[in-house]
Amino acid sequence: MKAYLLVAIFLLAATAHAALVDWTVDISVNDDGSNDWVAALTYNETVIKSDYFVLSKIMNLEVFADNKSVFCDVTEEIGTSIVCKDIEAKELVYKFHTKKFVDNLQKLMVFRYPFSITERVERFHISLKLPLGTAIVEETKLGNTGLRPFEPEFGREGSDGRRIFISWTFDKPVLGQTINAYAIYENVLGFDPFTNFIIIMSVIVGGFIVLLVYISKKRRVRDILPVLTDS
């Protein structure tokens, strides 16, 4: 009994002194406006409890503590609160899917989310990946709206070879600070996702019909050849 008590005291002491070193949020926006999140929290020491909050209902939640899947309590009120207990880990990774945070702005799309700094952290990093076939809108298209293509304006725009992304890095952000991040993007292929789907399906169906016609003609020739004479 004493041994268990000593272990508990040690873990509580470690948690009390543990500091959040790195907080990374990677968000991938899908064609339909839904988005997939991966939030990783890295501490300098082992913690026995961690929690995460997002301003919406979520689906397909997975939580990993030092790469091991763990079960966490989920409460839905204004948003979704995820609380993980008895974990004994230095890194927590939260993965989930949500259908919110993307709105229409005329023919443009806007991803918008207020990130609240709820823990002291050495480095806070956000990465937002846009849907395939879209790009950050040109500022000239925003007219007199007073909006920029993305905020905070010091964000870095880049590409992974297929999709455009914007990233922001904050060193020692102020506890309690809210970072209102947004990005305005547009379709640059000239078709919306539904039109692209119709085109792809049409090509597949057309190819299948051509294949059937080819097979049918080949069978017909094979059936006729045995009854033909040399002349």
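S.K.: Got a minute to help me understand the overall build of the protein chain in this structure?
M.R.: For the protein chain, the helix and strand inventory stands at two helices and 14 strands. Split into buried and exposed, the 231 residues of the protein chain put 36% on the buried side. Long-range pairs, those at least 24 residues apart, make up 73% of the contacts in the protein chain between residues at least 6 apart in sequence. Per element, the accessible surface of the protein chain, about 15,000 Å² overall, is 58% carbon and sulfur.

S.K.: Please clarify how the nonpolar core should be interpreted in this entry.
M.R.: A general trend in soluble globular proteins is that nonpolar side chains are found buried together. In terms of nonpolar packing, the biggest core is built from 44 residues, with Trp-37, Tyr-94, Phe-115 and Phe-124 touching the most fellow members. If you list the elements that add at least two residues to this core, you get strand E1 (20-29), strand E2 (35-54), strand E3 (59-65), strand E6 (80-98), strand E8 (108-116), strand E9 (121-129), strand E13 (164-171) and strand E14 (178-187). With residues near it in sequence (within four places) discarded, Phe-115 still touches Val-25, Ile-27, Trp-37, Phe-124, Ile-126, Gln-177, Thr-178, Ile-179 and Ala-181. Of all hydrophobic cores here, the second largest spans six residues; its members include Leu-108, Val-110, Val-137 and Tyr-182.

S.K.: What's the story with the packing of aromatic side chains in this structure? I'm lost.
M.R.: Considering all chains together, one arrives at 15 aromatic pairs under this definition. Seen in terms of ring centroids, Phe-124 and Phe-170 are 6.1 Å apart; in terms of plane orientation they differ by 35°. Their pairing is tilted. Of this pair, Phe-124 sits in strand E9 while Phe-170 is found in strand E13, placing the two residues 46 residues apart along the sequence. Among the aromatic side chains, those forming a connected cluster through ring pairs are Trp-23, Trp-37, Tyr-52, Tyr-94, Phe-96, Phe-101, Phe-111, Tyr-113, Phe-115, Phe-124, Phe-154 and Phe-170. Lying across the ring of Tyr-182, Arg-112 places its NZ or CZ 5.3 Å from the centre.

S.K.: Explain the pattern of salt bridges here, please?
M.R.: When their charged atoms lie close together, side chains carrying opposite charge are able to pair. Tallying each qualifying case throughout the model produces six salt bridges. Put simply, Glu-186 and Lys-141 hold a salt bridge, and the shortest N to O gap is 3.1 Å. Of the two residues, Glu-186 sits in strand E14 while Lys-141 sits in the loop between strand E10 (134-136) and strand E11 (150-151), which places them 45 residues apart along the sequence. What makes Lys-141 partly exposed here is its relative accessible area of 47%. Via salt bridges that share partners, Arg-148, Glu-151 and Glu-153 belong to a single interconnected network.

S.K.: Can you walk me through the layout of surface pockets in this structure?
M.R.: Over the atoms rolls a probe the size of a water molecule, and in doing so it shows where empty space is left. The volume enclosed by the second largest pocket comes to roughly 230 Å³. Along its surface, the second largest pocket is lined by 16 residues, and Trp-23, Tyr-52, Phe-53, Ser-116 and Thr-118 are the ones closest to its centre. Of all the elements in the fold, those that place two or more residues in the lining of the second largest pocket are E1, E2 and E8. By residue number, the principal contributor to the lining of the second largest pocket is E2, which donates five residues. Of the residues belonging to the lining of the second largest pocket, the class tally is 12 nonpolar, two polar and two charged.

S.K.: Before we go on, may I ask you to explain the state of the cysteines in this structure?
M.R.: In total, this model carries one disulfide according to the counting rule given. A sulfur-sulfur distance of 1.9 Å marks the disulfide that ties Cys-72 to Cys-84. Taking the torsion about the S-S bond as the criterion, the Cys-72 to Cys-84 disulfide, at about 100°, is right-handed. Remark: Cys-84 occurs in strand E6 and Cys-72 occurs in the loop between strand E4 (68-70) and strand E5 (73-76); sequence separation between them is 12 residues.

S.K.: I tried to follow empty space enclosed by the protein on my own but got confused; where do I start?
M.R.: For the coordinates displayed, the defined rule picks out one cavity of 30 Å³ or more. If you add up the space inside the largest cavity, you get close to 30 Å³. Those elements that provide at least two residues to the lining of the largest cavity are E8, E9 and E14. Take the lining of the largest cavity: its biggest share by element is three residues, from E14. Here the lining of the largest cavity is built from residues that sort into nine nonpolar, no polar and no charged.

S.K.: Explain the side chain of Ser-28 here, please?
M.R.: Within the fold, Ser-28 resides in strand E1. A polar contact is formed between the side chain of Ser-28 and the side chain of Arg-163, at a distance of 2.9 Å. Residue contacts for Ser-28: discarding those within four places in its chain leaves Ser-34, Asn-35, Asp-36, Lys-129 and Arg-163.

What counts as what
Residues numbered from 1 in each chain as written. Predicted model: local features only at pLDDT ≥ 70, side-chain atom pairs only at ≥ 80, totals over all residues. Heavy atoms only, no water. Helix = DSSP H or I, 4+ residues; strand = E, 2+ residues; numbered from the N terminus. Buried < 20%, exposed > 50% of the residue type's maximum accessible area, 1.4 Å probe, protein only. Contact = heavy atoms within 4.5 Å. Areas by Shrake-Rupley, 256 points an atom, 1.4 Å probe, with all protein chains shown as cover. Core = buried A, V, L, I, M, F, W, Y, C linked by side-chain atoms within 4.5 Å. Phe/Tyr/Trp six-rings, centres within 6.5 Å; stacked < 30°, edge-to-face > 60°. Lys NZ or Arg CZ within 6 Å of the ring centre and 35° of its normal. Salt bridge = Lys/Arg side-chain N within 4 Å of Asp/Glu carboxyl O. 1 Å grid on protein atoms, 1.4 Å probe; cavity = no way out; pocket = protein on both sides within 12 Å on 5 of 7 lines; lining within 4 Å. Points joined across faces, edges and corners; volume = space filled by probe spheres on them. Nonpolar A, V, L, I, M, F, W, Y, C, P; charged D, E, K, R; others polar. Disulfide = S-S within 2.5 Å. Polar contact = N/O pair within 3.5 Å; in protein donor to acceptor, adjacent residues only side chain to side chain.

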